[in-house]
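Chain by chain, the residues:
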Amino acid sequence: MKDRKVEDLGLASATRIVAAGRRPEWTGPVVNPPVWRASTHLYENMAALAEGPRRNEDGRFFYGRRGAPTQWALADALTALEPEAAGTVLYPSGVAAIAGVLLTLVRPGDVVLMTDNAYDPSRAMGKGLLADFGVATRYFDPLDLSAFEAAFCDRTRVVLLEAPGSLTMEVCDVPALASIARSRGAVSVLDNTWAGPTGFASLSHGVDVVLMALTKHIGGHSDLMMGSASAGPELYDRLRLRAQSLGHVVSPDDAALALRGLRTLHLRLERETASALHIARWLVDQPQVARVLCPMLPGAPGHELWSRDFTGGCGLFSFVLRGGDAARRVRFIDALSLFGIGYSWGGFESLAVPVDPAPIRSVMAWPPADTDPVDRFGVRLSIGLEDPDDLIADIERAFAKAGDK
Ligand SMILES: *Cc1c(COP(=O)(O)O)cnc(C)c1O
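An unreviewed UniProt entry lists the chain under the name Cystathionine beta-lyase, with Novosphingobium kalidii given as the organism. As recorded by UniProt, the Catalytic activity (unreviewed entry) comment attached to the chain reads in full: "L,L-cystathionine + H2O = L-homocysteine + pyruvate + NH4(+)".

Trainee: Go over the packing of aromatic side chains, please, and point to the residues and values.
Mentor: In the structure shown here, the tally under the stated rule is 11 aromatic pairs. Seen in terms of ring centroids, Phe-148 and Phe-152 are 5.0 Å apart; in terms of plane orientation they differ by 80°. Their pairing is edge-to-face. For the pair Phe-148 and Phe-152, a shared accessibility class is recorded, and that class is buried. The interplanar angle of 20° and the centroid separation of 6.4 Å between the aromatic rings of Trp-282 and Phe-399 together place this pair among those described as stacked. Of the two residues, Trp-282 sits in helix H13 (residues 265-284) while Phe-399 sits in helix H16 (residues 388-404), which places them 117 residues apart along the sequence. Comparing Trp-282 with Phe-399, the two get one shared label, buried. In this structure an aromatic cluster arises from ring pairing among Trp-26, Trp-36, Phe-61 and Trp-72. Note that Arg-123 overlies the ring of Tyr-139, its terminal NZ or CZ placed 4.1 Å from the centroid.

Trainee: Any chance you could break down unusual backbone geometry for me, citing the residues and the numbers?
Mentor: The omega torsion across Ala-163 and Pro-164 is -10°, close enough to zero to call that bond cis. Looking at where Pro-164 falls in the secondary structure, it is placed in the loop between strand S4 (156-162) and helix H9 (174-183). Cis geometry is adopted by the peptide bond preceding Pro-367, which originates at Trp-366 and carries an omega value of -5°. Mapped onto the elements, Pro-367 comes out in the loop between strand S11 (351-355) and strand S12 (378-382). Positive phi, close to 65°, is recorded for Met-169, a residue that is not glycine. Tracing the backbone through its elements, the reader meets Met-169 in the loop between S4 and H9.

Trainee: Lay out the packing of helix H5 (residues 69-80) against helix H12 (residues 252-263) with the relevant residues and their values.
Mentor: At their nearest, the axes of H5 and H12 sit 8 Å apart, and the two run at 35° to each other. Our pair here, H5 against H12, has a crossing hand that is left-handed. Contact residues: Thr-70, Gln-71, Ala-73, Leu-74, Ala-77 and Leu-78 in H5; Pro-252, Ala-255, Ala-256, Ala-258, Leu-259 and Leu-262 in H12. When grouped by side-chain class, the residues that make up the contact of H5 with H12 number 10 nonpolar, two polar and no charged.

Trainee: Could you give me a rundown of the pattern of salt bridges, with the residues and numbers involved?
Mentor: Opposite charge on two side chains permits them to pair, given that their charged atoms come into close proximity. Under the criterion given, the structure shown has 15 salt bridges. Linked through salt bridges whose partners overlap, the residues forming this network are Glu-51, Arg-54, Arg-55 and Glu-57.

Each value, and the rule that gives it
- Residues numbered from 1 in each chain as written.
- Predicted model: local features only at pLDDT ≥ 70, side-chain atom pairs only at ≥ 80, totals over all residues.
- Heavy atoms only, no water.
- UniProt positions renumbered as here; feature names shortened; annotations may be inferred.
- Phe/Tyr/Trp six-rings, centres within 6.5 Å; stacked < 30°, edge-to-face > 60°.
- Buried < 20%, exposed > 50% of the residue type's maximum accessible area, 1.4 Å probe, protein only.
- Helix = DSSP H or I, 4+ residues; strand = E, 2+ residues; numbered from the N terminus.
- Lys NZ or Arg CZ within 6 Å of the ring centre and 35° of its normal.
- Axes fitted to C-alpha atoms, helices over the stretch in contact; angles between N-to-C directions.
- Left-handed = near helix turned anticlockwise from the far one by under 90°.
- Contact = heavy atoms within 4.5 Å.
- Nonpolar A, V, L, I, M, F, W, Y, C, P; charged D, E, K, R; others polar.
- Salt bridge = Lys/Arg side-chain N within 4 Å of Asp/Glu carboxyl O.

Structure follows, in structure tokens:
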């Protein structure tokens, strides 16, 4: 369902983020939609009860599995932020969104083409969930368009893209890949968790289904898990019916938290992007650093396509330490005091994790062929809302400590 008032005014995304999903019929006289905690929805009489199952539409009370105004408001807000989307389905996590989308689109015997730098649990789904249901997964290098074209067969049903790629941050040509997929009769799905709807307009760039882990930027405070998928009318309808049959619902409390996070998305992303760029620029000049993998940084891999297609960045990027000393990386990460060691990203607090893509890649070389093979120990940083100069000082101290021993 679509909130035309917000959609049609040609508003900047910062303004839409504030206005989206706040229909008066859901918020009442207050600013935010109340938290509707509900499994049972009550019917006025037997006639209304009999009518219920016949009308499976957005925004109709039925039973908790189809949500209530708190979840509807969040879905509505995300739809308003994605030009060309007919609606948005919410899932209990980002991984549930990926599984829910794939289980909507494939049948036994189909083939999924998956970008080799996909989020690791997506790759694991290829080997586990999809294989168990008779669906084959093939991996492709998203930077090689001719190899991508050659990878199609007449059973290829879905292409799963991610930009930038997980951990190593390559930026692929999403419009070109999506257009090839469409010409071969496959549905393109983009994991757009990194840029979010304000940083990359997925459907406008030819993608058929865009999904996100709301756990990251939209929640923004490391206190909830949720996912979403948005699409045009036909695919949206299939996604929501499949989500209903899989019993995918999100709690109204989490939906309210996600809406609260959404309202400051623009501010947080602007700040994180500026801080990440500041830190990435500093890292480029450090003798301990071989390469910085930050597409927002001029001269870094992927910067040209990022500048062409994206309207925003975020705080997540990686860098590669110089020299093949794994123990030094352990000392470095352990010595950081302002960066937490932990999975996830997109919260208000900075995080660091090691990056070792080699064992999980099928066709993309790590380290890349045009680099010194000794330099292979990566670190991924999620830059939060701290002062970036404090973060630089922390990294500088950790470099010194790591080198001392
Ligand atoms: C974290 C993440 C997911 C999964 O989200 P969860 O809510 O943790 O299940 C999916 N895609 C990308 C790119 C992610 O970083």
